[in-house]
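Descriptive analysis of the structure
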Amino acid sequence: MSNAVKVSVIYYSSTGIGAEIANTLVAEAEAAGAEVRLRRVPELAPDAAIDSNPAWRANVEATRSVPEATAEDAVWADAVIFGSPTRFGNIAAQLKQYIDTLGGQWAQGKLADKVYSGFTSSSTAHGGQESTLLALYNTIHHFGGIVVAPGYTDGSKFVDGNPYGTSHVDAQGENKVDDVTRAAAAVQARRVVKVARALKSGA
């Protein structure tokens, strides 16, 4: 049996920004020696809404091959990285719906004592990125989980300026995921794996 740290990256993305950040986190966590699962939560929006935005429809089609998250993906992991765009300063309904299905696992203590972290995106620089991640972490406290934010533990974090997690300003799709966001994701993934490894080994 592998002793590698097990990481689940579980996310919701409408127009693809979150999906790209999730893929970066996966690659960086694997490079750090982790066994990683990439999972998307189910889409709840009707086709009419999705079809109203070409980027949304394109992302739905592009990510069909990504398995949908189940409760077992959270139980399996030593560390879970959740991702969601900000919706009025909070996580999207799609990710919240998934989290709300974990009541049974929570009641059995199967979500406790794991590492958790988060990432997000918004249209504007002050569009709720910090509040979205802090709201997500409220849930982790209820799980009995261990929040591992990137903090200002690396010089690159003073560039992106968000100690709570990886975030990206997409300006309604005008700003693609850039090297600043990828660097932030790399710091976050490495830190999550490092802390989860220490907890797993009892160090």
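Our structure's up above, just so we're on the same page.
Presented here is a report on the structure given in the accompanying data block. (Residues numbered from 1 in each chain as written. Predicted model: local features only at pLDDT ≥ 70, side-chain atom pairs only at ≥ 80, totals over all residues. Heavy atoms only, no water.)

Describing the overall build of the protein
For clarity, the threshold we go by: In this text, helices come from DSSP runs of H or I with a minimum length of four residues, and strands from runs of E with a minimum of two, each type numbered from the N-terminal end. C-alpha atoms define the radius of gyration, and 2.2 Å times the number of residues to the power 0.38 defines the globule rule. Here, residues are in contact when the closest pair of their heavy atoms is within 4.5 Å. Calculation of accessible area relied on Shrake-Rupley with a 1.4 Å probe; when residues are assessed, cover is drawn exclusively from the protein chains displayed.
From N to C terminus, the protein includes 9 helices and 7 strands. Its C-alpha radius of gyration of 16 Å places the protein within 12% of the 17 Å reference for a compact globule of 203 residues. Reported as C-alpha extents along the three principal axes, the dimensions of the protein are approximately 50 × 40 × 30 Å. Partitioning the intrachain contacts of the protein with sequence separation of at least 6 by distance along the chain shows that 78% fall at a separation of at least 24. As displayed, the protein offers around 9400 Å² of accessible surface, 53% of which is attributable to carbon and sulfur atoms.

Here we look at the packing of aromatic side chains
Quick note on the threshold: Stacked, edge-to-face and tilted labels apply to pairs of Phe, Tyr and Trp rings (six-membered ring for Trp) whose centres lie within 6.5 Å, assigned for plane angles under 30 degrees, over 60, and everything in between, in that order. Only protein chains enter the calculation, and the probe is 1.4 Å; a residue is then buried if its accessible area is under 20% of its type maximum, exposed if over 50%, and partly exposed in between.
Taken as a whole and assessed by the stated rule, the structure comprises 4 aromatic pairs. With centroids separated by 5.6 Å and ring planes inclined at 55°, the aromatic side chains of Tyr116 and Phe143 adopt a geometry described as tilted. Of this pair, Tyr116 sits in strand β5 (residues 115-122) while Phe143 sits in helix α7 (residues 129-143), and the two are 27 residues apart along the sequence. Comparing Tyr116 with Phe143, the two get one shared label, buried.

Quick look at the layout of surface pockets
Basically, it comes down to this: Buriedness of a pocket was judged along seven lines, with at least five required to meet protein on both sides within 12 Å; pockets are open sets of points on a 1 Å grid over the protein atoms alone, cavities are sets where a 1.4 Å probe fits but cannot get out, and lining residues have an atom within 4 Å of a point. Grid points are joined across faces, edges and corners, and a volume is the space filled by probe spheres set on the points. Asp, Glu, Lys and Arg are counted as charged, while Ala, Val, Leu, Ile, Met, Phe, Trp, Tyr, Cys and Pro are counted as nonpolar; the rest, among them Gly, fall into the polar class.
Approximately 500 Å³ is the volume found for the largest pocket. Every residue lining the largest pocket is counted, 23 residues in all, and those nearest its centre are Ser14, Thr15, Ser123, Asp170 and Gln172. The residue makeup of the lining of the largest pocket, split by class, is 7 nonpolar, 11 polar and 5 charged. Within this model, the second largest pocket holds a volume of roughly 210 Å³.

With respect to unusual backbone geometry
At Phe88, a position not held by glycine, the phi torsion is positive, near 55°. Positionally, Phe88 belongs in the loop between β3 (79-87) and β4 (90-91). Of the residues examined, Phe88 reaches a relative accessible area of 90% and is grouped as exposed.

So, the nonpolar core
Note on soluble globular proteins: their nonpolar side chains tend to be buried together. What counts is decided by this rule: What we call a nonpolar core is a set of buried Ala, Val, Leu, Ile, Met, Phe, Trp, Tyr and Cys residues that are connected through their side-chain atoms within 4.5 Å.
Phe82, Leu95, Tyr98 and Ile99 are the most contacted members of the largest nonpolar core, which has 27 residues in total. Ranked by residue count, the leading element in this core is α7, at 5 residues. Not counting residues within four places of it along the chain, the set of residues in contact with Phe82 comprises Ile10, Leu95, Tyr98, Ile99, Tyr116, Ser117, Gly118, Phe119, Leu136 and Ile140. Counting residues in each nonpolar core, the second largest holds 26 residues, with Val7, Val9, Ala19 and Ala34 among its members.

As for helix α5 (residues 93-100)
The periodicity of an α-helix, 3.6 residues per turn, causes residues three or four places apart in sequence to face the same way. Defined as follows: This arc is taken over the directions from the axis of the helix to the C-beta atoms.
Among the residues of α5, those classed as buried are Gln94, Leu95, Tyr98 and Ile99. Along the axis of α5, the buried residues cluster in a sector spanning 135°; they form a single face. On its buried side, α5 packs onto β1 (6-11), α4 (71-76), β3, β4 and α7.

Considering the environment of Tyr164
Here Tyr164 is to be found in the loop between α8 (157-160) and β7 (166-169). With 19 residues separating them along the chain, Tyr164 and Ala183 place their C-alpha atoms 14 Å apart. Excluding residues within four positions of it along the chain, Tyr164 makes contact with Gly118, Glu130, Leu133, Leu134, Tyr137, Ala149 and Pro150.

Topic: the environment of Val192
With respect to the helices, strands and loops of the structure, Val192 is situated in helix α9 (residues 179-201). Separated by 43 residues in the primary sequence, Val192 and Ala149 have C-alpha atoms spaced 8.0 Å apart. In contact with Val192, other than residues within four places in its own chain, are Ala79, Ile81, Val115, Ser117 and Val148.

Observations concerning the pattern of salt bridges
This is how the line gets drawn: Salt-bridge detection follows one rule: a side-chain nitrogen of Lys or Arg within 4 Å of a carboxyl oxygen of Asp or Glu.
Counted by the stated rule, this structure contains 13 salt bridges. Residue Arg37 pairs with Glu72 through a salt bridge whose shortest N-O separation is 2.6 Å. Highlighted residues: Arg37 in strand β2 (residues 35-40) and Glu72 in helix α4, separated in sequence by 35 residues. Classification of Arg37 as buried rests on a relative accessible area of 17%. Taking relative accessible area as the criterion, Glu72 reaches 44% and is therefore assigned partly exposed. Linked through salt bridges whose partners overlap, the residues forming this network are Asp47, Asp51, Arg57, Glu61 and Arg64.

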